[in-house]
Amino acid sequence: MNIIIKRSKTMAKQIWPSVLAIFFALLLSGFLLFATGHNPLRAYARLFDGAFGNLNRFAETLVKTIPILIIALGTSVAFKCKLWNIGGNGQYTVGAIAAVAVAVYVPLPYFIRIPLSLVASIVAGMIIGGGVGLLRAKMNANEVITTLMFNYIIMYFLSWLVNGPMMDPEGFGFPQTQLIPDQMKLQSIIPGTRLHFGLFLALIIVVVAFIFWKTRTGFRISLVGESHEVAQASGVSVQKHIVLTMMISAALPAIAGWIDVFGIHGRLQENLPGELGTIAIVVALLGGLNPIGIVFASLFFSALVVGGSTMQRFEGVPYSLVGIIQGLVIVFVICRVVYEEFKEKRRVKQLVH
Amino acid sequence: MSNNLYIDFMISLLAGTIRISIPILLPALGQIYTQRSGILNLGVEGIMIIGALSGFVGAFFTGSLWFGVFSAVVAGLLFSLIMGFLSITIKANQVIAGTALTILGTSLASFLYRVIFGIRKLPPIIDSFPSLNFLGLSKIPVIGPIFFNHNILVYLALFLVFFTWFVLEKTTFGLKVKAVGEFPRAADSKGIRVGLIRYICVAIGGMYAGLGGAFMSIGYMDTYMDHMIAGRGFIAVSVVIFSRWDPKRALFAALLFGGANVLQMRLQSIGVNIPNQFLLALPYVLTILVLVGVSKKVAFPSAFTIPYSRNSK
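Bear in mind the structure is a predicted one, so any value in this text is a computation, not a measurement.

**Some details on the overall build of chain B**
Okay, step 1: A count of helical and extended segments in chain B gives 12 helices and 0 strands.
Okay, step 2: Along chain B, helices (α) and strands (β) appear in the sequence α-α-α-α-α-α-α-α-α-α-α-α when read from the amino end.
Okay, step 3: Radius of gyration (C-alpha) of chain B: 20 Å, near the 20 Å computed for a compact globule of 313 residues.
Okay, step 4: Along the longest, intermediate and shortest principal axes, the C-alpha atoms of chain B span 70 × 45 × 40 Å.
Okay, step 5: Pairs at least 24 apart in sequence give 77% of the contacts found in chain B among residues at least 6 apart.
Okay, step 6: For chain B, the exposed surface amounts to about 13300 Å²; the carbon and sulfur share of it is 67%.

**Examining the overall build of chain A**
Okay, step 1: Helix and strand counts for chain A come out as 13 helices and 0 strands.
Okay, step 2: When the elements of chain A are put in sequence order from the N terminus, they spell out α-α-α-α-α-α-α-α-α-α-α-α-α.
Okay, step 3: Relative to the globule expectation of 20 Å for 353 residues, the C-alpha radius of gyration of chain A, 22 Å, shows essentially globular dimensions.
Okay, step 4: Seen through its principal axes, chain A has C-alpha atoms that stretch 80 × 60 × 40 Å.
Okay, step 5: Looking at chain A residue by residue over its 353 residues, the buried ones come to 52%.
Okay, step 6: Here the contacts in chain A between residues at least 6 apart in sequence split such that 73% fall between residues at least 24 apart.
Okay, step 7: Element-wise, carbon and sulfur atoms account for 67% of the exposed surface of chain A, whose accessible area totals about 16700 Å².
Okay, step 8: Distance between charge centres in chain A, computed from 27 positive and 15 negative side chains, equals 12 Å.

**Quick look at the interface of chain A and chain B**
Okay, step 1: Tallying the contact residues gives 44 residues for chain A and 40 residues for chain B.
Okay, step 2: In this assembly, chain A and chain B are joined by 0 salt bridges.
Okay, step 3: Here chain A is connected to chain B by 3 residue pairs in polar contact (both at pLDDT 80 or more).
Okay, step 4: Examining the composition of the side of chain A that touches chain B, we find that 13 residues originate from one element, helix α13 (residues 320–352) of chain A, more than from any other.

**Overview of the nonpolar core**
Okay, step 1: Membership of the largest hydrophobic core comes to 201 residues, with the highest contact counts inside it found for A:Phe262, A:Leu268, B:Leu42, B:Ile218 and B:Tyr224.
Okay, step 2: Here the element with the most residues in this core is helix α3 (residues 55–80) of chain A; it accounts for 13 residues.
Okay, step 3: Membership of the second largest hydrophobic core comes to 6 residues, among which are B:Leu13, B:Ile20, B:Val262 and B:Leu267.

**A word on the side chain of B:Thr99**
Okay, step 1: Examined against the element boundaries, B:Thr99 turns out to sit in helix α4 (residues 94–117).
Okay, step 2: At 2.6 Å, the side chain of B:Thr99 and the backbone oxygen of B:Val95 are in polar contact.
Okay, step 3: Residues within four places of B:Thr99 in sequence aside, it is in contact with A:Thr278 and A:Ile281.

**Re the pattern of salt bridges**
Residues and elements named next belong to chain A.
Okay, step 1: Throughout the structure, instances matching the rule amount to 7 salt bridges over all chains.
Okay, step 2: With a shortest N-O distance of 3.6 Å, Glu-315 and Arg-46 are connected by a salt bridge. Here Glu-315, found in helix α12 (residues 291–315), pairs with Arg-46, found in helix α2 (residues 40–52); they are 269 residues apart in sequence, far enough to count as distant.
Okay, step 3: Residue Arg-46 is classed as partly exposed on the basis of its relative accessible area, which comes to 28%.
Okay, step 4: Because the salt bridges share partners, they merge into one network encompassing Arg-42, Arg-46 and Glu-315.

**Structural notes on unusual backbone geometry**
Okay, step 1: Positive phi values are uncommon outside glycine, yet A:Asn140 reaches one of about 60°.
Okay, step 2: Judged by its relative accessible area of 39%, A:Asn140 is partly exposed.

**Overview of a positive patch on the surface**
Okay, step 1: A cluster of basic side chains, namely A:Lys9, A:Lys13, A:Lys343 and A:Arg346, defines a positive patch on the protein surface.
Okay, step 2: Among the secondary structure elements, A:Lys343 is positioned in helix α13.

Cut-offs applied
- Residues numbered from 1 in each chain as written.
- Chains lettered and ligands numbered in written order.
- Predicted model: local features only at pLDDT ≥ 70, side-chain atom pairs only at ≥ 80, totals over all residues.
- Heavy atoms only, no water.
- Helix = DSSP H or I, 4+ residues; strand = E, 2+ residues; numbered from the N terminus.
- Rg over C-alpha atoms; globule rule 2.2 N^0.38 Å.
- Contact = heavy atoms within 4.5 Å.
- Areas by Shrake-Rupley, 256 points an atom, 1.4 Å probe, with all protein chains shown as cover.
- Buried < 20%, exposed > 50% of the residue type's maximum accessible area, 1.4 Å probe, protein only.
- Lys, Arg positive; Asp, Glu negative; His and termini not counted.
- Charge placed at Lys NZ, Arg CZ, Asp CG, Glu CD.
- Salt bridge = Lys/Arg side-chain N within 4 Å of Asp/Glu carboxyl O.
- Polar contact = N/O pair within 3.5 Å; in protein donor to acceptor, adjacent residues only side chain to side chain.
- Core = buried A, V, L, I, M, F, W, Y, C linked by side-chain atoms within 4.5 Å.
- Patch = residues over 30% accessible without salt bridge, like charges linked within 9 Å, V, L, I, M, F, W, Y side chains within 5 Å.

Okay, structure coming up:
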């Protein structure tokens, strides 16, 4: 019993700053709404209603949560190792490309083709991630820049594919591939909505991520993130773990790409990921790099995105408000350091006196 | 293609290259200060769009283009101070702080534009800076239209290449910037205020980025659009690294990035059928290659992306 209370107390301590960050972000955006002649409470109510108002809307929110959640989990693995992987968009895209390539062009029975396409997606992600990791470990090439560059390179690669070799021959010249066979698509969980079985996959990945941080490899990765010297001194190969971390971190967005192709898109189009990669960075941070925290953070952000468009339609509040809230959330999450420093100073003062 | 057409094509290609490289060059020059002082500002993209909006609003409501330029520079400065506060005062991770700034800037600009101008069928437009002709120099065949037929901001940007080089290489301030980026502890012990220098460099970067944004809205497009920066802030970041923190090389890198862009547009418009995506992706591939070459020699400022604190090791 005591343990449970203690656990929930530490959890509350971890959650508190994120809740505060959201609160302040909503408050400040509320002022902005008020100053520009909107009613903040009505706008937020509409946003909430748009995200959770009925079964269909809630299902849409969950559909959007799936990729955000998985990409953010991938991002969090790298961030834990102090590797700043901002290539979520590119890694998602290679996963999607591999998924469609296998689904459309490999004439094997479905029960082989489906797992094969998943494997292809994961491998594609790992190759990109492993490449970035190798460049970082062996050549000291800053991963922020390489992942950013790969986002653009892969974006143009996708654009080339859907305008060229993978273009749907019966698509009237639209820049898109043909649809994957219907039998391969992820089935809907709730009939009449777009919510698909990918949700369960996402939940499995959350559980795996949760367990992963308790394994030796997970511990080593966070150790490398804490300090290269300490890791080296305890016999953990820093270089090897940098490559490994980047491979895992890139494989997850690739899986998200696979799920979205089989769950909703059904084909490749230009600029498939949109702003998922950026949102995932915010979510990983807001969730405190903790799998459970990331679940809630991704649900919150997905609700913002889905509810935001309803808000725009019915209240005339520009959708960009959602982005303002996102940006402010990061700013306030960062700012909690100030508060902690303030507490520390006060503690030191009390000790001195 | 006949000879005349070929010359026309080359003229429009080269003139276009110069024009389109300016909104990459300006933020890149600013980021040279910022990165030299040890800070990677991924928020340039957000600062640029804020600059584009402020420049347009300033020019639209006063009728003065130069007031637009002024408001863009001030807005860029103020907005970049958020980055300064987060990365210097709070010592937050710069990647995350920069991401926040980009999201915030992009959304805020879009929001404010909608609030100020409402929803319109046609976007509000202004007359942007006219082309100079330098007492008829622009009439010289070939050379004229390529080099002497741009607006004043283009020449201002080219002057800033020299100016940035001069400040960084020939002044005490430039020396301090490099000291702070390379050896913050030593700089601190010599009485250089590390935090202050970094704040100034972030602010300068913000001013250049604001100007770069304004170039898009009041020096290139005559109007404001939400997606008009279109990743140029991030391109500027890679230009800085591609040019290894050197303003003169940044000019050539910006021309290369701009040139690839113009070439693919021109080739497409005359119906040459090569995959333009490869041309567009080329600069990014080259950046990675340069990065790999550079990183081995460890030419990055040693304190790159590392917050400075007196208390910690």
